[in-house]
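# Chain and residue survey
Given next are the chains, with one letter for each unit.
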Amino acid sequence: WTQIGSGGGLAKCYLTWDADFKWADGRDPWIPVISGGLLGMSRRWWEETGGYDKEMLGWGGENLDQSLRVWLCGGEIMMASHSQVAHMWRDGSQKTAARYHHVGDTQRNRARAIFAWYGEFADKLKDYPSFASRGPPGGDNPWYGDLGGFNEVKQRLGGCRPFAWFL
């Protein structure tokens, strides 16, 4: 492993209406949204908040869920300014593809996070063609699946703040 760059940046992410995140700079220690897979927390908090959503497969959307889960249910996300994190980008080369096989549906994962946490603002997702084209629900559950696990987390934690608080 060879380190690229000196690290130590204060880049952070913010959330967009179409269930994506973008990078931004900031000097305060609070992080609105984490980048996927780059998080550290106590085992106690991980277990209390239910960990990863069991219906999200693959990567994409788990960072939105975890960020909103933390902020809305009583936690906070802060920069660990002196930490260093190693992350291997999947660039399509043999080296990065050797142990990675794409599974799941990133759009579905992102929609699960939004419909679980945006509350009355979740309908905004329908304004984006990539989500609106997914069609009406089929069967007993919508296309993004049952959200009962999120409701269990909210009840176990004694209720969580509405998304309007996060805004």
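### Quick word on the pattern of salt bridges
Applying the stated criterion to the full structure yields nine salt bridges. For Lys22, the salt bridge goes to Asp20, with nearest N and O atoms at 3.5 Å. According to the relative accessible area criterion, Lys22 is partly exposed, its value standing at 36%. For Arg112, the salt bridge goes to Glu55, with nearest N and O atoms at 3.6 Å. One end of the pair, Arg112, is in helix 4 (residues 106-117); the other, Glu55, is in the loop between helix 1 (43-48) and helix 2 (62-72), and 57 residues separate them in sequence. Residue Arg112 is classed as buried on the basis of its relative accessible area of 1%.

### Considering the side chain of Thr49
Topologically, Thr49 is positioned in the loop between helix 1 and helix 2. Accessibility expressed as a relative area gives 0% for Thr49, which makes it buried. Within the local environment of Thr49, its side chain forms a polar contact with the backbone oxygen of Trp45, the two atoms lying 2.9 Å apart. Setting aside chain neighbours within four positions, we find Thr49 in contact with Arg69, Val153, Arg156 and Leu157.

### Thoughts on helix 2
Turn by turn, an α-helix covers 3.6 residues, leaving residues three or four places apart pointing in a common direction. In terms of residue burial, helix 2 counts as a mostly covered element, since 11 of its 11 residues are buried. When we look at burial in helix 2, the residues that qualify are Glu62, Asn63, Leu64, Asp65, Gln66, Ser67, Leu68, Arg69, Val70, Trp71 and Leu72. In the stretch just after helix 2, Gly74 is the one whose phi turns positive, near 110°.

### Examining the state of the cysteines
One pass over the structure, following the stated rule, counts one disulfide. The residue that forms a disulfide with Cys73 is Cys160, at a sulfur-sulfur distance of 2.0 Å. Here the S-S torsion is close to 100°, and the disulfide linking Cys73 with Cys160 is therefore right-handed. Of this pair, Cys73 sits in the loop between helix 2 and helix 3 (94-97) while Cys160 sits in the loop between helix 6 (148-156) and helix 7 (163-166), and the two are 87 residues apart along the sequence.

### With respect to the nonpolar core
Ranked by size, the top nonpolar core spans 23 residues in total, and within it Leu15, Leu68, Trp117 and Tyr118 carry the most contacts. Among the elements of the structure, strand 1 (11-15), helix 2 and helix 4 are those that each provide at least two residues to this core. Tallying contributions element by element places helix 4 first for this core, with five residues. Not counting chain neighbours up to four residues away, the residues in contact with Leu15 comprise Asp20, Val33, Leu64, Leu68, Tyr118, Phe163 and Phe166.

Definitions and cut-offs
Residues numbered from 1 in each chain as written. Predicted model: local features only at pLDDT ≥ 70, side-chain atom pairs only at ≥ 80, totals over all residues. Heavy atoms only, no water. Salt bridge = Lys/Arg side-chain N within 4 Å of Asp/Glu carboxyl O. Buried < 20%, exposed > 50% of the residue type's maximum accessible area, 1.4 Å probe, protein only. Helix = DSSP H or I, 4+ residues; strand = E, 2+ residues; numbered from the N terminus. Polar contact = N/O pair within 3.5 Å; in protein donor to acceptor, adjacent residues only side chain to side chain. Contact = heavy atoms within 4.5 Å. Disulfide = S-S within 2.5 Å. Core = buried A, V, L, I, M, F, W, Y, C linked by side-chain atoms within 4.5 Å.

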